[in-house]
Every structure is written in structure tokens, then in C-alpha cells.
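Residue-level listing of the chains:
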Amino acid sequence: IIFMAGEVCSKMYVIISGHVQYCATVQQRDAPAGSVPAIVKRTLHGGQWLSEAALWTGWVHRGELRAITDCLLFALDASGFARVISSHKSAHTYAAAYARKFVEGLNRGLQTDLVEALYLSEAGGNDQ
């Protein structure tokens, strides 16, 4: 197990090689009280990433990530990233604008560690 729901997250993870499985139980933002939560289950592979939200806002993992094959992951530390990006004015300006839009999308979408959930919810898709 790489991380579990409820753990504080301070890193974005990029899968370099291998396969991981992400699983989360999430409630739709506008779902009526008592409605059944959505089960989000994805197998991810090299080139995909999770927990980008840790770079832009305080974040707690919303699901569980486990390796299903031998894997190589790159973990980008959020505080180190912030320190480097803030020392370059133009990069910081761009990153701040991106962060605002990212967090707006996060607040509208499913609360998962998956970036795809943001895009699916913006497009009106159902991430189940």
C-alpha cells in the first residue's frame, strides 16, 4: 500500500513504470442526503499521476493506492516544489493562476486523488 484514505498528503505521485490501483468511495457534491456514494476504481500506469492537489492546496488522500506490479514512482514534494517555483517570478505567476483554476475545479468535482475526476466532472461525465 502506497497511501490510504485519510492520510495527510504532501506529495504528488507520478507513475514511471508498473501498475497501481486506486480505489475510493466518494460522495457527489450535489447528491441528495442518503444517496449511495460512487466507487472510483482505476488501474494506472506509467505517465499518469495522482494527488496533484497537494501542490496547490492542503490535501488529505481520498482513497487508497496500492502497487499491483513492481513499480517505480516519482514523488514530488509539495513544499520543495513551492520553494523552487516561488523563486522564479514568471513561473510563480503562471503557477498561481493554474492553482486557482485547479482548486476551483477540485471544489466542483469529485474529491479524489485522480486528476481525471476534475476533467470528467467539468465535462459532465460520471466517474464511476
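Residues numbered from 1 in each chain as written. Predicted model: local features only at pLDDT ≥ 70, side-chain atom pairs only at ≥ 80, totals over all residues. Heavy atoms only, no water.

(A) Broad picture of the overall build of the chain. Scanning the chain from terminus to terminus reveals four helices and eight strands. Starting at the N terminus and walking to the C terminus, you meet the elements of the chain as β-β-β-β-β-α-β-β-β-α-α-α. Compactness check: the chain gives a C-alpha radius of gyration of 15 Å against a globular reference of 14 Å for 128 residues, within 12% of the reference. Every one of the 128 residues in the chain was classed for burial, and the buried ones make up 34%. Summed over all atoms, the accessible surface of the chain reaches about 7400 Å², with 57% contributed by carbon and sulfur. (Helix = DSSP H or I, 4+ residues; strand = E, 2+ residues; numbered from the N terminus. Rg over C-alpha atoms; globule rule 2.2 N^0.38 Å. Buried < 20%, exposed > 50% of the residue type's maximum accessible area, 1.4 Å probe, protein only. Areas by Shrake-Rupley, 256 points an atom, 1.4 Å probe, with all protein chains shown as cover.)

(B) Representation of the confidence of the model for the chain within the structure. Averaged over the chain, the pLDDT score is 89; the fraction of residues at 70 or greater is 91%. Scored below 50 in pLDDT, residues 120–128 makes 18 contacts in the model with residues more than four places away or belonging to other chains. (pLDDT = per-residue confidence, 0-100. Contact = heavy atoms within 4.5 Å.)

(C) The sheet that holds strand E5 (residues 49–50), seen in detail. A sheet is described by the order of its strands in space; here three strands give the open sequence E5-E2-E8, paired in antiparallel fashion. Lying at the two open borders of the sheet, with one neighbouring strand each, are E5 and strand E8 (72–77). Relative to E8, strand E2 (residues 11–17) runs antiparallel, the two being bridged by six bridges. Bridge pairing in E8 links Ile15 to Leu73. (Pairing = 2+ DSSP bridges.)

(D) Looking closely at the packing of aromatic side chains. Counted by the stated rule, this structure contains five aromatic pairs. Plain terms: the ring middles of Phe3 and Tyr13 are 5.6 Å apart, the flat faces sit at 35 degrees to each other, and that makes the pair tilted. Of this pair, Phe3 sits in the segment before strand E1 (8–9) while Tyr13 is found in strand E2, placing the two residues ten residues apart along the sequence. Like Phe3, the residue Tyr13 is buried in the burial classification. Among the aromatic residues, those joined into a ring-pair cluster are Trp56, Phe81, Tyr98 and Phe102. Over the face of the ring belonging to Trp59 we find Arg62, whose NZ or CZ atom lies 4.0 Å from the ring centre. (Phe/Tyr/Trp six-rings, centres within 6.5 Å; stacked < 30°, edge-to-face > 60°. Lys NZ or Arg CZ within 6 Å of the ring centre and 35° of its normal.)

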